[in-house]
Amino acid sequence: MKATHNVSTNDIFDNRLSVSNHTRRVPKAKTATGSLTGKYPIILNDGRTIIYVTDKSREEEIRSKYAQRKF
């Protein structure tokens, strides 16, 4: 015996328009924020603070700014 389950077209349209059935597109920049690929570590405060930067030439600038902020 064949089980019958009738789905009306109104149900299909209601489900399609429901907000809970829509998935939002996640921007590529947001998915890559946790990635450390292509970043250089700058170790500060005897290894207790590590800052990852993409431009290694800014290392001295970051070290000086961190030293100024340190109390």
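Structural data are supplied above this passage.
Residues numbered from 1 in each chain as written. Predicted model: local features only at pLDDT ≥ 70, side-chain atom pairs only at ≥ 80, totals over all residues. Heavy atoms only, no water.

With a phi angle near 60°, Asn-45 is a residue other than glycine that sits in the positive phi range. Among the secondary structure elements, Asn-45 is positioned in the loop between β1 (40–44) and β2 (49–53). When its relative accessible area of 23% is taken as the criterion, Asn-45 is described as partly exposed. (Helix = DSSP H or I, 4+ residues; strand = E, 2+ residues; numbered from the N terminus. Buried < 20%, exposed > 50% of the residue type's maximum accessible area, 1.4 Å probe, protein only.)

Our focus in this paragraph is the environment of Ile-62. As for its position among the elements, Ile-62 is in helix α3 (residues 59–69). In the structure, Ile-62 is positioned 20 residues away from Ile-42 in sequence and 8.5 Å away in space, judged by C-alpha atoms.

This part covers a nonpolar patch on the surface. Taken together, the side chains of Leu-36, Ile-43, Ile-50 and Tyr-52 present a nonpolar region at the surface, about 370 Å² in accessible area. Looking at where Leu-36 falls in the secondary structure, it is placed in the loop between α2 (28–31) and β1. (Patch = residues over 30% accessible without salt bridge, like charges linked within 9 Å, V, L, I, M, F, W, Y side chains within 5 Å. Areas by Shrake-Rupley, 256 points an atom, 1.4 Å probe, with all protein chains shown as cover. Salt bridge = Lys/Arg side-chain N within 4 Å of Asp/Glu carboxyl O.)

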